[in-house]
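Given next are the chains, with one letter for each unit.
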Amino acid sequence: MASEENVRGAFRIQEFYCRRMDAPIYADICVAIAEGLTRESRTGARVLDWTGEPTRDALPLRLIGGLHALVMAGADAELAAVFGGQVTAGALNRAMARNDDALLPWLDGPPQTNEPGRSGALIVGLLEVARRHGRKLEILEIGSSGGLNLLIGRYRFDLGGATLGPADSPVTIVPEWRGETQVLPPLEIVSTRGCDVQPRNVTDPAVEARLAAYVWAEKPERLARLTNAIAMVREHGVRLDEGDAADWLEARLAEPQEAGVTRVLMHSVVWQYLPDESAERIRVAMKAAGAAATAERPLAWVAMEPDRALAEQVVSVRSWPGDGEWQVVATAHAHAAWVRPGDRVPAAEGEGIVLEAQARVII
C-alpha cells in the first residue's frame, strides 16, 4: 500500500509533467491536490489511501479525468471555474464531496486517453522498420483502447515538411519537428488489428464523452483531433479484439504471415499497465518469433513508452532478422505535440525528477 506521502508525491510528479507539456492549469490543479486534498470526501479518502503505486497507476489522471467529465457535462459551476484557472484546494475538495458518486468510478481503472496524436511519433518507428525490411507492414497493436491509432495508415502526416498519408485525410498530424527534415522511405500499411482488455466502442456517444474527458481542457486542438478521428471510425471501422495482450499476441504470431510483409507489434503508453506475467510472456513470444523470422517474413517491435524521469516518450524499434537490439529512433511529447528524431539527447543536470523504482517503465 502506498503511503499518503507517496500519493501526494504522485501529484507533484504529474505537476512536473504538466508544466513540461505546457499545461499550467492542470499543473496548478495537481499542486492544489498534492498540498490540500483531504479525507472529507469518499473520493479524497480513497485517493489518499491508494493501495497501488500511484504514479504507475496514473492515479492523478484518473481523478482529474473524472473532474473534467463533470465540467464537460456542466454539472458543477465551481469546478468549471477551477478548470478555467481559478484553482484552489478548497474548491476541489468541495467539488469532490458534492460529486462522490460520480467520481469514484473514475478511480477504478486506468485512463484510456487513446490520443491519435501519438501516431505522429509511432510513425517514426514504422518508417524505420520500412527502411530496414521494406515498405509493406502488418500492424498488431496491444492496448488499443478504442483503436484510434489503428488509423495510422489513414492519417496524413507532416514531419518537418516531409509528408505521407492520404492527402484528403480528415486528420492531419503535424508535430513540431525538432530535427532535420528526413527523406521518407516508401510505406504501405497493408493491415491493422488491435487488442485491449477493455476495448472501447468510440462510436458510442458515452464512450466518446469519456475519452474527451481525458483530453486536457487546455488543449482544444487535441479534442478537435479526437472528434475527427472518431468520425473516421464511424465511417469505416477498425478491427479491435477483446482479450489479454499476451494471449492475443501469441495467437497472432502463430498465424501465417504473408511473404514480403513485415509483421509489427506496436504499442504506446501501455507497458506500465500490463501485469508482469503478461509483459514477460510478450517478451518471450517476440524473441521466439524473432528467431524464426526471415528476410521474406520479417518481424519488428515499435514501442512508444515513457521516460517518466524526463517527462518524455521514447520511440524504440527492434527487428529480426538482425540483432534484435532496441534502437531509439525518436523522443516525443506525451501527445506528440513535438517529435525529436534520432537518439536521445543527454539530459542536463537537474532537468529530470526523482522517481520510485516501481514507477519506472522498462520494456
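As a reminder, the structure under discussion sits directly above these lines.
What you are looking at is a predicted structure, and each value in this text was computed from that prediction instead of being measured.

Caption draft 1: Quick peek at the overall build of the protein chain. When you go through the protein chain residue by residue, the secondary structure sums to 12 helices and 12 strands. Computed over its C-alpha atoms, the radius of gyration of the protein chain comes to 20 Å, within 12% of the 21 Å expected for a compact globule of 363 residues. Referenced to the eigenvectors of the C-alpha coordinate spread, the extents of the protein chain come out at roughly 60 × 40 × 40 Å. Counting all 363 residues of the protein chain, 55% fall into the buried class. Considering only contacts within the protein chain whose residues lie at least 6 apart along the sequence, 72% involve residues at least 24 apart. On the protein chain, roughly 15100 Å² of surface is accessible, and the fraction owed to carbon and sulfur atoms is 50%.

Caption draft 2: Inspection of the packing of aromatic side chains at higher detail. Applying the stated criterion across every chain yields a total of seven aromatic pairs. Between Phe 16 and Tyr 17 the ring centres are 6.0 Å apart and the planes differ by 55°, which places this aromatic pair in the tilted class. Like Tyr 17, Phe 16 is buried. Geometrically, the ring pair formed by Trp 106 and Tyr 214 is edge-to-face, given 5.4 Å between the ring centres and 65° between the ring planes. In this pair, Trp 106 is assigned in the loop between α7 (100-103) and α8 (119-133) and Tyr 214 in the loop between α9 (205-213) and α10 (220-235), connecting sequence segments 108 residues apart. For the pair Trp 106 and Tyr 214, a shared accessibility class is recorded, and that class is buried.

Caption draft 3: Spatial organisation of the sheet that holds strand β7 (residues 240-242). Read across the open sheet, the nine strands follow the order β5-β12-β11-β10-β9-β8-β1-β6-β7; overall the sheet is mixed. In the strand order of this sheet, the two ends are held by β5 (176-177) and β7, each with one partner. With respect to the sheet, α8 is in contact with β1 (136-142), β5, β6 (188-196), β8 (262-268), β9 (299-307), β10 (312-320), β11 (327-332) and β12 (338-341), its orientation differing from that of β10 by roughly 20°. Where helix α11 (residues 245-253) meets the sheet, its contacts fall on β1, β6, β7, β8 and β9, and the angle it forms with β1 comes to roughly 155°.

Caption draft 4: Expanded view of the side chain of Asn 99. Summarising the element assignment, Asn 99 is placed in the loop between α6 (89-98) and α7. Here Asn 99 is in contact with Leu 70 and Asp 76, once residues within four sequence places are set aside.

Caption draft 5: Quick look at the environment of Val 197. With respect to the element layout, Val 197 can be found in the loop between β6 and α9. The class of Val 197 is exposed, set by a relative accessible area of 59%. With sequence-adjacent residues up to four places away left out, Val 197 is seen in contact with Glu 242 and Gly 243.

Caption draft 6: A look at the pattern of salt bridges. Evaluated as defined, the whole model comprises 29 salt bridges. Two residues, Arg 46 and Asp 108, come together in a salt bridge whose shortest N-O distance is 2.9 Å. Of this pair, Arg 46 sits in helix α3 (residues 42-48) while Asp 108 sits in the loop between α7 and α8; the two residues are 62 residues apart in sequence, bridging distant segments of the chain. Classification of Arg 46 by relative accessible area gives partly exposed; the value is 32%. Salt bridges sharing partners connect three or more residues here, namely Arg 12, Glu 15, Arg 19, Asp 28 and Glu 35.

Caption draft 7: Just the sheet that holds strand β4 (residues 172-173), in detail. Spatially, three strands are ordered β3-β2-β4 in an open sheet, and the strand pairing comes out mixed. If you trace the sheet from one side to the other, it starts and ends with β3 (162-164) and β4, each paired once. Inspection of the sheet shows strand β2 (residues 156-159) paired to β3 by three bridges, in the antiparallel sense. Bridging from a neighbouring strand, Phe 157 pairs with Leu 164 of β3. Running over the sheet, α8 touches β2, β3 and β4 and is turned about 80° from β2.

Caption draft 8: Focus on α6. All of the buried residues along α6 are Ala 91, Leu 92, Asn 93, Ala 95 and Met 96. The inward-facing, buried residues of α6 abut α2 (24-36), α3, α4 (59-72), α5 (77-83) and α7.

Caption draft 9: Here's a closer look at the packing of α2 against α6. Between α2 and α6, the shortest axis-to-axis distance is 9 Å and the interhelical angle comes to 80°. Taken together, the axes of α2 and α6 are roughly perpendicular relative to one another. For the pair α2 and α6, the contacting residues are Ile 29, Ala 32, Ile 33 and Gly 36 in the first and Ala 89, Leu 92 and Asn 93 in the second. Residue composition of the contact of α2 with α6, by class: five nonpolar, two polar and no charged.

Caption draft 10: Geometry of unusual backbone geometry. A cis amide bond, omega 0°, links Trp 320 with the succeeding residue Pro 321. Summarising the element assignment, Pro 321 is placed in the loop between β10 and β11. Residues other than glycine seldom take positive phi values, yet Asp 22 does so here, at roughly 60°. Within the secondary structure, Asp 22 sits in the loop between α1 (4-20) and α2.

Caption draft 11: Representation of the nonpolar core in the model. In this structure, Ile 123, Leu 126, Leu 148, Tyr 155, Phe 157, Val 264 and Val 339 are the most contacted members of the largest nonpolar core, which totals 41 residues. Here this core gets seven residues from one element, more than from any other, and that element is α8. Of all hydrophobic cores here, the second largest spans 40 residues; its members include Leu 70, Ala 91, Met 96 and Trp 216.

Calculation notes
Residues numbered from 1 in each chain as written. Predicted model: local features only at pLDDT ≥ 70, side-chain atom pairs only at ≥ 80, totals over all residues. Heavy atoms only, no water. Helix = DSSP H or I, 4+ residues; strand = E, 2+ residues; numbered from the N terminus. Rg over C-alpha atoms; globule rule 2.2 N^0.38 Å. Buried < 20%, exposed > 50% of the residue type's maximum accessible area, 1.4 Å probe, protein only. Contact = heavy atoms within 4.5 Å. Areas by Shrake-Rupley, 256 points an atom, 1.4 Å probe, with all protein chains shown as cover. Phe/Tyr/Trp six-rings, centres within 6.5 Å; stacked < 30°, edge-to-face > 60°. Pairing = 2+ DSSP bridges. Axes fitted to C-alpha atoms, helices over the stretch in contact; angles between N-to-C directions. Salt bridge = Lys/Arg side-chain N within 4 Å of Asp/Glu carboxyl O. Parallel < 35°, antiparallel > 145°, perpendicular 65-115°, else oblique. Nonpolar A, V, L, I, M, F, W, Y, C, P; charged D, E, K, R; others polar. Core = buried A, V, L, I, M, F, W, Y, C linked by side-chain atoms within 4.5 Å.

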